[in-house]
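What follows is the residue order along each chain.
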Amino acid sequence: MKTVFSGIQPSGDLHIGNYIGAISQWVKGQDFTESIFCVVDLHAITVPQNPSAIKEKVLEVAALYLACGIDPRKSKIFIQSENPNHTELAWILNTITPFGQLERMTQFKEKSEKHEVNVGLFDYPVLMASDILLYQTDEVPVGEDQKQHIELTRDLAEKFNKKFGQTFKLPNSVIHKDTARIMSLQNPLSKMSKSDNDPLGTINLLDTVEKIKEKIKKAVTDSNSSISKDNGGEAIANLLAIYSAFKDQSLDITYNELDGKSYGEFKGLLAELVVDKLKEIQGKYTQIRSDEKYLRRVLDEGKDYSINKSLKTLNKAKEQLGLM
Ligand code: AQP
């Protein structure tokens, strides 16, 4: 059975980009893989966070994983900072990571334009490599933005294996081309993101029905007035990608279904689809979030599982280095 590992930062409100690019892919794979999903709070603190807010966000993200369909009988969910093996392996990997390679990371360059640069932000991809390699992961389902980090993870694994002996499995990223990069509803050239300053650009999983409808209504389109495969711009293509993802169908089928429909009519259909799905997720979320004992039990089970499994790889890496 293949091992799948992925995670999301509790750095803000989860949005439909996180759902489409990551969580919905996780849900699909959990029946036939060993699936391990993490709330990556140590990554989140690489940019300033409010301590009381992040505590709440960690639980919110875990509850959203479950509400979106991650089943704790099939998958493990845990909090990154509750398993110290992640930071220990990250330190080891730091010692083989070329400085220049980290300087070339696009996410680092983008984030360091918005935030004061700290060493943690620079080192973010090495901690991510540690997260993945600890579980002998085969596949990492992520959005397009994380592809470069997975490539670095493979490079580090290969380098360590060559230098010290076979220790880590080389993981592959799993990126679905139609939905790999959901863009802001206000700027089709910018990724939909938790840290977007324009609230109209992002549909959050916990948005109210009114907000969802307003955001879709105000989403930018282009100078055309109806859907056509041949002449639509990036903004309408983004809305169609969201529609396809929520309908769980290919973009080709969506174009065939909606060809010739006016943008206004399409936006109405899209709003209905997104509202229905998010209402279902929000109903489950409210139930799960109100039962903190249950949530804590799921996270404790995940923590024990992750510590046991990751310790085997960490010990092997230390042994190879002559550390034990
Ligand atoms: N717009 C997106 N389209 C498709 N996938 C996306 N992901 C994020 N945004 C999109 C995927 O969601 C997972 C979790 O991302 P993350 O929280 O670890 O970090 P991120 O990619 O930096 O996400 P955000 O929303 O942009 O957060 P901030 O603003 O805090 O940096 C990843 O698999 C990611 O690919």
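None of the values given here were measured: they were computed from a predicted structure.

Digging into the site of the ligand
Item 1. Neighbouring the ligand are 24 residues; His15, Asp145, Ile182, Lys194 and Ser195 lie closest to it.
Item 2. The separation between an oxygen atom of the ligand and a polar side-chain atom of Ser11 is 2.8 Å.
Item 3. In isolation the ligand has 640 Å² of accessible area, and contact with the protein removes 97% of it.
Item 4. Residue assignment for the shell around the ligand shows that the elements contributing at least two residues are β1 (3-8), α1 (16-29) and α6 (106-114).
Item 5. With four residues, the single largest contributor to the shell around the ligand is α1.

Remarks on the pattern of salt bridges
Item 1. A complete count under the given rule lists 22 salt bridges for this structure.
Item 2. The partner of Arg289 in a salt bridge is Glu292, with the nearest N and O atoms 3.0 Å apart.
Item 3. Take Arg289: its relative accessible area is 15%, and that puts it in the buried class.
Item 4. Salt bridges sharing common partners tie together Glu82, Arg296, Asp300 and Lys303.

With respect to the nonpolar core
Item 1. Counting 59 residues, the largest nonpolar core has Ile16, Tyr65, Ile242, Phe246, Phe266, Val274 and Leu278 as the members making the most contacts within it.
Item 2. With eleven residues, helix α12 (residues 263-289) is the single largest residue contributor to this core.
Item 3. In terms of nonpolar packing, the next biggest core, distinct from the first, is built from 33 residues, Phe5, Phe78, Tyr135 and Val142 among them.

A short note on the packing of helix α10 (residues 234-247) against helix α11 (residues 251-258)
Item 1. At a closest axis distance of 9 Å, the pairing of α10 and α11 adopts a crossing angle of 105°. Accordingly, the angle class assigned to the pair α10 and α11 is roughly perpendicular. Residues Ala237, Leu240, Ala241, Tyr243, Ser244 and Lys247 of α10 lie in contact with α11, whose contacting residues are Leu251, Thr254, Tyr255, Glu257 and Leu258.

Let's talk about helix α4 (residues 85-94)
Item 1. If you check which residues of α4 are buried, you get Asn85, His86, Leu89, Ala90, Ile92 and Leu93. All buried residues of α4 project into a common sector of 160° when viewed along the axis, lining one side.
Item 2. The secondary structure elements touched by the buried residues of α4 are β1, β3 (75-79), α7 (119-133), α8 (147-164) and α13 (292-321).

Here's the deal with the domain arrangement of the protein
How big an interface is tends to be stated in terms of accessible area lost as the parts join.
Item 1. In terms of domains, the protein is made up of domain 1 (3-180 + 292-321) and domain 2 (199-286).
Item 2. Between the C-alpha centres of domain 1 and domain 2 the distance comes to 29 Å.
Item 3. At the junction of the two partners, domain 1 supplies 14 residues and domain 2 supplies 17 residues.
Item 4. For the pair domain 1 and domain 2, the summed buried surface comes to about 1400 Å²; carbon and sulfur atoms form 74% of the total.
Item 5. When the buried surface of domain 1 facing domain 2 is broken down by residue, Ile16, Ala67 and Asp178 rank first, second and third, together holding 37% of it.
Item 6. Connecting domain 1 to domain 2 are one salt bridge.
Item 7. The residue Lys28 makes a salt bridge to Asp248 at a minimum N-O spacing of 3.2 Å.
Item 8. Along the contact surface separating domain 1 from domain 2 lie three residue pairs in polar contact (both at pLDDT 80 or more).

Each value, and the rule that gives it
- Residues numbered from 1 in each chain as written.
- Predicted model: local features only at pLDDT ≥ 70, side-chain atom pairs only at ≥ 80, totals over all residues.
- Heavy atoms only, no water.
- Near = heavy atom within 4 Å.
- Polar contact = N/O pair within 3.5 Å; in protein donor to acceptor, adjacent residues only side chain to side chain.
- Areas by Shrake-Rupley, 256 points an atom, 1.4 Å probe, with all protein chains shown as cover.
- Helix = DSSP H or I, 4+ residues; strand = E, 2+ residues; numbered from the N terminus.
- Salt bridge = Lys/Arg side-chain N within 4 Å of Asp/Glu carboxyl O.
- Buried < 20%, exposed > 50% of the residue type's maximum accessible area, 1.4 Å probe, protein only.
- Core = buried A, V, L, I, M, F, W, Y, C linked by side-chain atoms within 4.5 Å.
- Axes fitted to C-alpha atoms, helices over the stretch in contact; angles between N-to-C directions.
- Parallel < 35°, antiparallel > 145°, perpendicular 65-115°, else oblique.
- Contact = heavy atoms within 4.5 Å.
- Arc of directions from axis to C-beta.
- Domains from an automatic or database assignment.
- Buried area = accessible area lost by both parts, 1.4 Å probe.

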